[in-house]
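Reading the structure
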Amino acid sequence: MECKDRNCPIHGTLSTRGTVLEGKVASDKMQGTAIVQIDRMIKVKKYDRYKRSRSRIPAHSPPCIGAKTGDTVRIMECRKLARTVSFSIIEKLAGEKTEEKAQDTPKKADAKKKPAVKKAAKKKEANNG
Ligand SMILES: [Zn+2]
């Protein structure tokens, strides 16, 4: 397959420089753009614990790489391609892992017990006078 993408960092004329990041493709629904999500654990010194950090970066997704949701990709900074896009995917690091879909495993919906006690006690009696 021939890559005709002008903004492809490999086959096109787009030059990439600056920050290099690795993340997971959270969405590939846009045309030529993917959302790359980076989850980090940041240490909070004061409490000696970690907090989760999540950043979602819109990145140009060249057709020759064909990044799909769930792929781990490396992105590199480039010139602004759109209002929010200033990164481009430069390589795919790992394909989509064999995700166990939640639909296959039967959920224990029946096990969830509903509280039998209804709010019968709070009937409005004062309405009629
Ligand atoms: Zn290409």
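Helix and strand counts for the protein stand at zero helices and five strands. Ordering the α and β elements of the protein from the N terminus gives β-β-β-β-β. Classification of the 129 residues of the protein by burial places 16% in the buried group. Contacts in the protein between residues far apart in sequence, at least 24 positions, make up 56% of those at least 6 positions apart.

What the five strands build is a closed barrel, ordered E1-E2-E3-E5-E4; its pairing is mixed. Ignoring strand direction, the axes of neighbouring strands in this sheet form an average angle of 45°. Pairing between strand E1 (residues 16-27) and strand E4 (residues 72-78): six bridges, direction antiparallel. Looking at the pairing, Val20 lines up with Met76 of E4.

This part is about unusual backbone geometry. Peptide bonds are trans in most cases, and residues, glycine excluded, mostly fall at negative phi. In this structure, Asp48 is a non-glycine residue whose phi angle is positive, near 55°. Note on placement: Asp48 falls in the loop between strand E2 (33-44) and strand E3 (49-60). Of the residues examined, Asp48 has 7 C-beta atoms within 10 Å and is grouped as exposed.

By size, the foremost hydrophobic cluster in this structure holds twelve residues: Val25, Ala34, Val36, Ala59, Ile65, Ala67, Val73, Ile75, Cys78, Val85, Phe87 and Ile89. Residue assignment for this core shows that the elements contributing at least two residues are E2, E4 and strand E5 (87-94). The dominant element in this core, judged by the number of residues it contributes, is E4, at three residues. Other than its neighbours up to four places away in sequence, Val73 contacts Gly23, Val25, Val36, Ala67, Ile89, Glu91, Lys92 and Leu93.

The next subject is the pairing of E5. In this structure, E3 lies alongside E5, joined through two bridges in parallel fashion. What sits directly across from His60, in E5, is Ser88. Pairing analysis gives six bridges linking E4 to E5, with the strands arranged antiparallel. Counterpart to Arg74 in the pairing with E5 is Glu91.

Here is what the cut-offs are and how they apply
- In every chain, residue numbers begin from 1 and rise along the written sequence.
- Note on the predicted model: pLDDT of at least 70 is required for a residue's local features to be given, and 80 or more for side-chain atom pairs to be given and counted; whole-chain, interface and lining totals, by contrast, use all residues.
- Secondary structure elements are defined from DSSP: runs of H or I of at least 4 residues count as helices, runs of E of at least 2 residues count as strands, and each element is numbered from the N terminus.
- Counting other C-beta atoms within 10 Å of a residue's own tells you its class, since 20 or more makes it buried, 12 or fewer makes it exposed, and anything in between is partly exposed; those C-beta atoms are placed from the backbone.
- We call two residues in contact when their backbone-placed C-beta atoms lie within 7 Å.
- Strands were regarded as paired on the criterion that DSSP finds at least two bridges between them.
- Geometry is summarised by axes, namely lines fitted to C-alpha atoms with helices restricted to the contacting stretch, and by angles between N-to-C directions that run from 0 to 180 degrees.
- Nonpolar core, as used here: buried Ala, Val, Leu, Ile, Met, Phe, Trp, Tyr and Cys residues forming one set through C-beta atoms within 7 Å.

Function-wise, these values are silent; they only describe arrangement.
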